[in-house]
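Chains, contacts and geometry: an overview
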Amino acid sequence: MQIEQTLPQFENKLTLVIVTGHQAAEFYVALNGKIEKESEIKVPNPEYSDREGYFKRSGHGLSFGSGSVVEPKNKKVEKKFLKDLEEEVLSIKKSNEQIKGVYLFGPDYMLKRIRKTLPKQIANNLIETFEGNYTQEHPFEFLKIIKSSLDKQSSQPKSSEAQKIYKKTE
């Protein structure tokens, strides 16, 4: 799809935009004024037949203790999601060898774990991360966020002395 002229155009710079939630992720590739959805992954919630792993000790009508040896659903879902995310990013990297920049959108509690699972080639090209779940949003919404970040960076002075003065005035 054609990117609006007011948004970043990614001229001659193949850029990967990863938009994640807790159990879903979308991958977009942008280049020369166009952005296309490359792929997406979704990890469904596991459905159990009963309370597997749950135990209870009782006798003479009294309960002496109970517990569970089963790992919580959320941890299993998160592990599967991160594994699928890593595999999908590797697949995209193979089909798009010339990726020069990566933007990552995700929930604040997941960003650190997601960054750790990214392959080195992608992690080295990571330009910026943004907190928030944008998986249900139109691509222009997160491109607007990228644009505001780029505008903010371009308005800041380049020299270290000028940056000190700029920070004092903020």
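Our subject is the structure that appears above.
Residues numbered from 1 in each chain as written. Predicted model: local features only at pLDDT ≥ 70, side-chain atom pairs only at ≥ 80, totals over all residues. Heavy atoms only, no water.

A separate point is the pattern of salt bridges. Taken as a whole and judged by the stated rule, the model has 7 salt bridges. Measuring nitrogen to oxygen at the nearest pair gives 2.9 Å for the salt bridge that ties E87 to K83. You can see E87 and its partner K83 sitting in helix 1 (residues 73–95), 4 residues apart, about one turn around the helix. On the basis of relative accessibility, which here comes to 42%, the residue E87 falls in the partly exposed class. When the shortest N-O distance is used, the salt bridge between K144 and E141 registers 3.7 Å. Linking K144 with E141, this pair stays in helix 4 (residues 139–155), spanning 3 residues, or about one helical turn. Residue class for E141 comes out partly exposed when judged on its relative accessible area of 33%. When salt bridges with common partners are traced through the structure, they connect E26, K37 and E40 into a single cluster. (Salt bridge = Lys/Arg side-chain N within 4 Å of Asp/Glu carboxyl O. Helix = DSSP H or I, 4+ residues; strand = E, 2+ residues; numbered from the N terminus. Buried < 20%, exposed > 50% of the residue type's maximum accessible area, 1.4 Å probe, protein only.)

Looking now at the sheet that holds strand 6 (residues 101–106). Read from one edge to the other, the open sheet built from 5 strands follows the order 3-2-1-6-7, with strand pairing classed as mixed. In this open sheet, the two edge strands, each paired with only one partner strand, are strand 3 (34–42) and strand 7 (126–131). Going across the sheet, the axis of each strand differs from the next one's by a mean of 15°, ignoring polarity. In this structure, strand 1 (residues 15–20) lies alongside strand 6, joined through 5 bridges in parallel fashion. Pairing of L16 across the sheet is with V102, part of strand 6. (Pairing = 2+ DSSP bridges. Axes fitted to C-alpha atoms, helices over the stretch in contact; angles between N-to-C directions.)

Let's shift gears to the environment of E86. Secondary-structure assignment places E86 in helix 1. E86 sits in the partly exposed class, given a relative accessible area of 35%.

Membership of the largest hydrophobic core comes to 22 residues, with the highest contact counts inside it found for L16, I18, F27, F81, L85, I99 and I122. At the level of elements, strand 1, strand 2 (24–31), helix 1, strand 6 and helix 2 (108–117) are the ones that each hand at least two residues to this core. Ranked by residues supplied to this core, first place goes to helix 1 with 6 residues. Listed in part, the 15 residues of the second largest apolar core include A30, I35, F105 and F142. (Core = buried A, V, L, I, M, F, W, Y, C linked by side-chain atoms within 4.5 Å.)

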